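Here is what each chain is made of, one letter per residue.
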Amino acid sequence: MSPSSATKTSWSSGSEPGPAGSSGRAESSDRAGGASVIELSGVSLRFTTYHDKYYSLKRACIDLFLRRETSNHSAFWALRDVSLGIARGERVGILGPNGAGKSTLLRVMAGIYPPTSGRLRVEGRVAPLIELGAGFNYELSGEDNVYLNGALLGFDRREMRARIDRIWEFSGLRQFAGLPLKYYSSGMLSRLSFAVATEVAPDILLLDETLSVGDASFKAKAHERIMSVIERSSVVILVSHDMTSLSKICTRGVWIDHGTIRRDGPIDEVIQAYTEEVGHSSPAAGSNHEIPTADAA
Ligand SMILES: Nc1ncnc2c1ncn2[C@@H]1O[C@H](COP(=O)(O)OP(=O)(O)OP(=O)(O)O)[C@@H](O)[C@H]1O
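Residues numbered from 1 in each chain as written. Predicted model: local features only at pLDDT ≥ 70, side-chain atom pairs only at ≥ 80, totals over all residues. Heavy atoms only, no water.

Q: How do you make sense of the pattern of salt bridges when you look at a structure like this?
A: Charged atoms that come close allow side chains of opposite charge to pair. Counted by the stated rule, this structure contains twelve salt bridges. Its salt-bridge partner being E90, residue R252 comes within 2.9 Å of it at the nearest N-O pair. Taken together, the residues span a long stretch of sequence, with R252 in strand β9 (residues 252-257) and E90 in the loop between β3 (73-87) and β4 (91-95) at a distance of 162 residues. Of the two residues examined, R252 and E90, each falls in the buried class. Here R166 makes a salt bridge to E199, at a shortest N to O gap of 2.6 Å. Taken together, the positions of R166 in helix α5 (residues 164-171) and E199 in helix α6 (residues 186-199) put the pair 33 residues apart, joining distant regions of the chain. According to the relative accessible area criterion, R166 is partly exposed, its value standing at 46%. With relative accessibility at 10%, the residue E199 sits in the buried group. (Salt bridge = Lys/Arg side-chain N within 4 Å of Asp/Glu carboxyl O. Helix = DSSP H or I, 4+ residues; strand = E, 2+ residues; numbered from the N terminus. Buried < 20%, exposed > 50% of the residue type's maximum accessible area, 1.4 Å probe, protein only.)

Listed below in structure tokens is the structure:
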């Protein structure tokens, strides 16, 4: 689980303009016609990758030979001028090909990546079921980490105390409560983090289908639990390649392509447009994929 915004977050950056290839201008309201609880205005995000020494030396020699400028880093725009408003009650499916920028968009909404330029406003408690365990302190015990994770989700000690019993019950880790997290296995870590994140009722649930939460038996429990959190959340944003799940869970679809919004509209229309282009079968054509959640660890 990742750090999240507990009440109101806003990022604004951007002396640097977003790159070319705009996906549209900022909107002050969402498709449902209400006030947005998440609003991105002209958000762009650039990753900079630094090459290692050996590569740089080799590259420097080649660059010298070819008489071109040497650089030990390269930049890549993962999101380009994205504007999007999402309101309470909406369930938004983010779809698109590999490397399109879907997970990056989710991480920007979670506050994990600040935009390189543009503005982001998020109102409400966010539960990002994206990177389980990202907010943990490995020197502290499991119990201390429950409180720490709860605080990151916007819940104080008293609120978490009322929930901790159910967290141990669901995770099956009660006997390890006092053990420092550095002695937990990766499956135990993801079970604990998942149990905390799904025990609280977030306003905004950010969900990445690539989430991994433990072994096969826990996976079945996790599936049920995710469906119940989806029911309780005011806003759900789901990144998935599974068109059946997207169609079942979401009301609105946002198709991301090369870091821009290619299409935004009712989920089934967006799925149809996307599947026509990429040649996948649509849910109606009989995909038997199951809903998102978890791969066995
Ligand atoms: N931390 C990072 N540093 C550099 N580049 C990154 C980083 N994270 C993602 N990228 C690049 O940004 C682009 C978008 O990645 P992202 O994970 O958002 O794609 P995606 O649409 O979620 O893909 P997939 O469907 O395969 O999960 C990719 O080209 C990826 O290589």
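Q: Please clarify how the confidence of the model for the protein should be interpreted in this entry.
A: Detailed conclusions should not be drawn from predicted coordinates in areas where pLDDT is low. Mean pLDDT over the protein: 80, with 75% of residues reaching 70 or higher. Within the protein, strand β1 (residues 8-13) has the poorest average pLDDT of any element, 57, and β9 the best, 98. Within the model, pLDDT remains below 50 along residues 284-297, and this stretch shows 40 contacts once partners closer than five positions in the same chain are excluded. Both confidence scores are given for the complex: pTM 0.76, ipTM 0.97. (pLDDT = per-residue confidence, 0-100. Contact = heavy atoms within 4.5 Å.)

Q: Honestly, the packing of aromatic side chains in this entry has me stumped. Any pointers?
A: What characterises a pair of aromatic rings is the spacing of the ring centres plus the angle enclosed by the ring planes. Enumeration according to the criterion identifies five aromatic pairs in this entry. Here F136 and Y138 contribute two aromatic rings whose centre-to-centre distance is 6.5 Å and whose plane-to-plane angle is 90°, an arrangement assigned as edge-to-face. Accessibility expressed as a relative area gives 36% for Y138, which makes it partly exposed. Positioned above the aromatic ring of F155 is the side chain of R125, whose terminal nitrogen or guanidinium carbon lies 3.9 Å from the ring centre. Cation over ring: R157 sits above Y147, and NZ or CZ is 3.9 Å from the ring centre. (Phe/Tyr/Trp six-rings, centres within 6.5 Å; stacked < 30°, edge-to-face > 60°. Lys NZ or Arg CZ within 6 Å of the ring centre and 35° of its normal.)

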